[in-house]
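Here is how the chains run, residue by residue.
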Amino acid sequence: MANFGLIRSGEYDKVLEDLKQCAAAAHEAGKVLKVILETDALNGEQIRKASRIVEQSGADFVKTSTGFLTGHEARGAAPEVIAMMMEEVSPEMKVKGSGCIRTRDHFLKLIDMGIDRMGVGYRSVPVVLGIQD
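Given the structure is predicted, the values throughout are model-derived calculations rather than measurements.

About the thresholds
Residues numbered from 1 in each chain as written. Predicted model: local features only at pLDDT ≥ 70, side-chain atom pairs only at ≥ 80, totals over all residues. Heavy atoms only, no water. Helix = DSSP H or I, 4+ residues; strand = E, 2+ residues; numbered from the N terminus. Rg over C-alpha atoms; globule rule 2.2 N^0.38 Å. Areas by Shrake-Rupley, 256 points an atom, 1.4 Å probe, with all protein chains shown as cover. Axes fitted to C-alpha atoms, helices over the stretch in contact; angles between N-to-C directions. Left-handed = near helix turned anticlockwise from the far one by under 90°. Contact = heavy atoms within 4.5 Å. Nonpolar A, V, L, I, M, F, W, Y, C, P; charged D, E, K, R; others polar. Pairing = 2+ DSSP bridges. Expected span 1.5 Å × (residues − 1). Buried < 20%, exposed > 50% of the residue type's maximum accessible area, 1.4 Å probe, protein only. Arc of directions from axis to C-beta. Polar contact = N/O pair within 3.5 Å; in protein donor to acceptor, adjacent residues only side chain to side chain. Right-handed = clockwise from strand over helix to strand, strands pointing away.

Chemist: Quick question: what am I supposed to make of the overall build of the protein here?
Modeler: The helix and strand tally for the protein stands at six helices and four strands. Put simply, the protein runs from its N terminus to its C terminus through helices and strands in the order α-α-β-α-β-α-β-α-β-α. Taken over C-alpha atoms, the radius of gyration comes to 15 Å for the protein, in line with the 14 Å a tight globule of 133 residues would show. Based on the C-alpha atoms only, the size of the protein along its principal axes is roughly 50 × 35 × 25 Å. Counting every atom, the protein has about 7,400 Å² of accessible surface; 49% of that belongs to carbon and sulfur.

Chemist: How should I be thinking about the packing of helix α2 (residues 12–28) against helix α3 (residues 44–57) in this particular structure?
Modeler: Helix packing geometry: the angle between the two helix axes and the distance between the axes. Where α2 meets α3, the closest approach of the two axes is 8 Å, and the angle between their N-to-C directions is 35°. Here α2 and α3 pass one another in a crossing that is right-handed. The segment α2 lies against α3, with Tyr 12, Val 15, Leu 16, Leu 19, Lys 20 and Ala 23 engaging Gln 46, Lys 49, Ile 53, Val 54, Gln 56 and Ser 57. Its residues placed into classes, the contact of α2 with α3 shows seven nonpolar, three polar and two charged.

Chemist: What am I meant to see in the side chain of Gln 46 here?
Modeler: On the secondary structure map, Gln 46 appears in helix α3. Not counting residues up to four positions away in its chain, the partners in contact with Gln 46 are Ile 7, Arg 8, Tyr 12 and Ala 41.

Chemist: Whenever I open this one, the sheet that holds strand β3 (residues 94–98) confuses me. Can you help?
Modeler: In a beta sheet, neighbouring strands pair by backbone hydrogen bonds and run either parallel or antiparallel. Overall, parallel pairing links the four strands, which are arranged β1-β2-β3-β4 in an open sheet. Two strands lie at the open edges of the sheet, namely β1 (34–36) and β4 (117–119), each paired on one side alone. When the angles between neighbouring strand axes are averaged without regard to direction, this sheet yields 25°. In this sheet, β4 lies alongside β3 in parallel orientation, the contact comprising three bridges. Bridging across to β4, Gly 97 finds its partner in Met 118. Running over the sheet, helix α4 (residues 79–88) touches β2 (61–63) and β3 and is turned about 165° from β3.

Chemist: Got a minute to help me understand α3 in this structure?
Modeler: For an α-helix, the turn length of 3.6 residues means that residues three or four places apart are oriented alike. The end-to-end C-alpha separation of α3 is 20 Å, in line with the 20 Å expected for 14 residues at 1.5 Å each. All of the buried residues in α3 are Gln 46, Ile 47, Ala 50, Ser 51, Ile 53, Val 54 and Ser 57. Looking down the long axis of α3, one finds its buried residues gathered within 165° of arc, a one-sided arrangement. Opposite the packed face of α3, turned more than 90 degrees from it, sit the exposed residues Glu 45 and Gln 56. Taken together, the buried residues of α3 touch α1 (4–8), α2, β1, β2 and α4. One side-chain oxygen at the N-terminal end of α3 lies 3.1 Å from the backbone nitrogen of Glu 45; it belongs to Asn 43. Looking one or two places after α3, you find Gly 58, whose phi comes out positive at around 95°.

Chemist: For this particular structure, what's the right way to read the pairing of β3?
Modeler: The side chains of a regular strand alternate, residue by residue, between the two faces of the sheet. Taking burial as the measure, the five residues of β3 include four buried ones, the bulk of the element. Sheet analysis places β2 next to β3, joined by three bridges and oriented parallel. Within β3, the residue paired with Val 62 across the bridge is Val 95. Once the chain exits β3 it traverses helix α5 (residues 104–113) before rejoining the sheet at β4, and the crossover so formed is right-handed.

Okay, structure coming up:
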């Protein structure tokens, strides 16, 4: 999880240094690193800048949210948030959308956008996959 307090404060150098250390440790252990931005706590400019920083850090994925943030409007993997993230990173950087994926149309829209991975809550899986009774 990227420190969204530092992101909101504009302390991007500290965020980058922290994430570089996380990426180095993960890769040294042979693991993939997904960095969560908690985009519901950020504005568009912060999402864009933080997405670029995640890629610069050497992480493997940039991810929207945990789905557990309170006190903010829940947008999660809204198409406009995913679009911002995808516009800021290279095609080699993987994007994961999590949070608020509750309909089949939303799920298919993100696939059409070219997202690499999605996190869907267990109660939404039957609806999203079209297998509800």
